[in-house]
Amino acid sequence: MILTVTLNTALDLTYRVPRLTPHSSHRVTEVTERPGGKGLNVARVLAALGHESTVTGFAGGATGRALREQLATAPGVRDALLDVAGATRRTIAVVDAESGDTTQLNEPGPLITPDEWSGFLASYEQLLPSAAAVALCGSLPPGVPVGAYAHLVRAARAAGVPVLLDTSGEPLRRGIAARPDIVKPNADELAELTGSHEPLRATRDARRRGAHAVVASLGAKGLLAATPDGALRATPPAPVRGNPTGAGDSAVAALLAGLVENTPWRRRLASAVALSAATVLAPVAGEFDREAYEDLLDRVSVTEQASAA
Ligand code: ATP
Ligand code: MG
Ligand code: MG
């Protein structure tokens, strides 16, 4: 199985309103509630690709129970979340039906106690031997040490399990130094890490900080990868319109599938670009348009980038 870690899971609520206007009251025309958090999206997409996945992290309170009840119905995804005393956070997306724009409100998440964190580490160590790969996804809830991902990367490496890291800020900075196999920052995360807004320079700089490979996602422009075989750019045939939330998570799912199947980098990147564009076309994170995915696969362009440092 592929193990995905989501320390800050969420119950994602989406409210649809005809038109969002500040300082006024709105009639909600549609409400949806689903289990969320980056690693959960990754796991759902992996399962749809035929890879059994296990999700771990924390869940607690009434929101945590609702999340787990819904997760139980997701095919191919095993729940190994740990119970905590605090309540799982909610994220609220308000969609303006007229413009399609989304306003997002994210709660910080429950405070994790030192005992809960130690309990997680013990459980993670037990899960590692049965994992073909592990993905560490998203932000850290309050109470979890800032070096948490660095620790989890080292534990995976010690167990001989390849590890992918998708986070931001200081947890990313420390996590990279622990030498993960793949890091997937988006453009903002990469610029924050390296101080450079020049993607090729920044991607190579990030790789020199310790990652075996860095795959930067540049929204509609696709992916830019610094790998041991050099730098590659993978671009969708055209930008697509839709819901970009979770597109990065689908890119992560494709990169993990490629990692466990040991697919050559060019194919790995092509499938990540096709799958993430097909995710933009699906209305909710953690799902993709399968027909579009298969159609896009052969139409992604992958080119080598000049080999200068
Ligand atoms: P997430 O919300 O999942 O964290 P992210 O910010 O990490 O997303 P992005 O860089 O926004 O990731 O998108 C990931 C990938 O999705 C891109 O590298 C690209 O391949 C694809 N993608 C995103 N937006 C579009 C688009 N409009 N058209 C085509 N492909 C897209
Ligand atoms: Mg984004
Ligand atoms: Mg992302």
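What you see is a predicted model; the values in this text were computed from it and never measured. (Residues numbered from 1 in each chain as written. Chains lettered and ligands numbered in written order. Predicted model: local features only at pLDDT ≥ 70, side-chain atom pairs only at ≥ 80, totals over all residues. Heavy atoms only, no water.)

Concerning the overall build of the protein
Then comes step 1: For the protein, the helix and strand inventory stands at 10 helices and 15 strands.
Then comes step 2: Its C-alpha atoms give the protein a radius of gyration of 19 Å, near enough to 19 Å, the size a compact globule of 309 residues would have.
Then comes step 3: With the C-alpha coordinates of the protein rotated into their principal frame, the extents come out at 55 × 45 × 35 Å.
Then comes step 4: Residue pairs in contact within the protein that sit at least 24 positions apart in sequence constitute 66% of those at least 6 positions apart.
Then comes step 5: For the protein, the centre of its 30 positive side-chain charges and the centre of its 32 negative side-chain charges are spaced 5 Å apart. (Helix = DSSP H or I, 4+ residues; strand = E, 2+ residues; numbered from the N terminus. Rg over C-alpha atoms; globule rule 2.2 N^0.38 Å. Contact = heavy atoms within 4.5 Å. Lys, Arg positive; Asp, Glu negative; His and termini not counted. Charge placed at Lys NZ, Arg CZ, Asp CG, Glu CD.)

Topic: the sheet that holds strand β8 (residues 102–106)
Then comes step 1: Pairing is mixed in the open sheet, where four strands are placed in the order β3-β2-β7-β8. With partners counted over all chains shown, the strands left at the sheet margins are β3 (30–36) and β8, one partner each. Geometrically, the sheet is characterised by an average inter-axis angle of 20° between neighbouring strands, direction not taken into account.
Then comes step 2: Sheet topology places strand β2 (residues 10–17) next to strand β7 (residues 89–96); eight bridges connect them, and they run parallel. Bridge pairing in β7 places Arg 16 opposite Val 95.
Then comes step 3: Across the sheet, helix α2 (residues 61–71) is in contact with β2, β3 and β7; its angle to β3 comes to roughly 85°. (Pairing = 2+ DSSP bridges. Axes fitted to C-alpha atoms, helices over the stretch in contact; angles between N-to-C directions.)

Re helix α9 (residues 265–280)
Then comes step 1: Between its first and last C-alpha atoms α9 spans 23 Å; for 16 residues at 1.5 Å apiece the expected length is 22 Å, and the two agree.
Then comes step 2: With 14 of 16 residues buried, α9 is to be regarded as a mostly interior element. (Expected span 1.5 Å × (residues − 1). Buried < 20%, exposed > 50% of the residue type's maximum accessible area, 1.4 Å probe, protein only.)

Focus: the nonpolar core
Then comes step 1: Residues Trp 117, Phe 120, Tyr 124, Val 134 and Leu 136 are the most contacted members of the largest nonpolar core, which totals 44 residues.
Then comes step 2: Here the element with the most residues in this core is helix α4 (residues 148–158); it accounts for seven residues.
Then comes step 3: The contact partners of Leu 136, leaving out residues within four places of it in the chain, are Val 5, Tyr 124, Tyr 149, Leu 152, Val 153, Val 163, Leu 164, Leu 165 and Asp 166.
Then comes step 4: Core analysis: the second largest hydrophobic core is formed by 38 residues, Val 42, Ile 182, Leu 256 and Ala 257 among them. (Core = buried A, V, L, I, M, F, W, Y, C linked by side-chain atoms within 4.5 Å.)

Description of the site of ligand 1
Then comes step 1: Close to ligand 1 lie 20 residues, the nearest being Lys 38, Asn 186, Ser 217, Val 240 and Gly 248.
Then comes step 2: Here Val 240 contributes a backbone N or O atom positioned 2.9 Å from a nitrogen atom of ligand 1.
Then comes step 3: At 2.8 Å, a backbone N or O of Gly 248 approaches an oxygen atom of ligand 1.
Then comes step 4: Relative to its unbound accessible area of 640 Å², ligand 1 is 86% covered by the protein chains.
Then comes step 5: For the shell around ligand 1, the elements supplying multiple residues, two or more each, are α8 (247–261) and α9. (Near = heavy atom within 4 Å. Polar contact = N/O pair within 3.5 Å; in protein donor to acceptor, adjacent residues only side chain to side chain. Areas by Shrake-Rupley, 256 points an atom, 1.4 Å probe, with all protein chains shown as cover.)

Looking at the packing of aromatic side chains
Then comes step 1: The final tally for this structure, using the stated rule, is four aromatic pairs.
Then comes step 2: Ring centres 5.5 Å apart and planes at 55° place the aromatic pair Phe 58 and Phe 120 in the tilted group. Residue Phe 58 is found in strand β4 (residues 53–60), and its partner Phe 120 is found in helix α3 (residues 114–127); the two are separated by 62 residues along the sequence. Assigned by exposure class, Phe 58 and Phe 120 land together as buried.
Then comes step 3: Seen in terms of ring centroids, Phe 288 and Tyr 293 are 5.8 Å apart; in terms of plane orientation they differ by 75°. Their pairing is edge-to-face. In this pair, the class of Phe 288 matches that of Tyr 293, namely buried.
Then comes step 4: Connected via pairs of aromatic rings, a cluster forms that spans Phe 58, Trp 117, Phe 120 and Tyr 124.
Then comes step 5: The ring of Trp 265 is capped by Arg 268, whose NZ or CZ atom sits 4.4 Å from the centre of that ring. (Phe/Tyr/Trp six-rings, centres within 6.5 Å; stacked < 30°, edge-to-face > 60°. Lys NZ or Arg CZ within 6 Å of the ring centre and 35° of its normal.)

Let's talk about the side chain of Arg 268
Then comes step 1: Turning to its location among the elements, Arg 268 is positioned in helix α9.
Then comes step 2: Notably, Arg 268 is buried but unbridged: the nearest opposite-charge side chain belongs to Asp 229, and the N-O separation is 8.1 Å.
Then comes step 3: In this structure, Arg 268 is in contact with Ile 182, Leu 255, Gly 258, Leu 259, Asn 262 and Thr 263, ignoring residues within four places of it in sequence. (Salt bridge = Lys/Arg side-chain N within 4 Å of Asp/Glu carboxyl O.)

Focus: the side chain of Thr 88
Then comes step 1: If you trace the backbone, Thr 88 turns up in the loop between β6 (82–84) and β7.
Then comes step 2: Residues in contact with Thr 88, not counting those within four places in the same chain, are Thr 9, Ala 10, Leu 11, Phe 58, Ala 59, Gly 60, Thr 63, Gly 64, Leu 67 and Pro 110.

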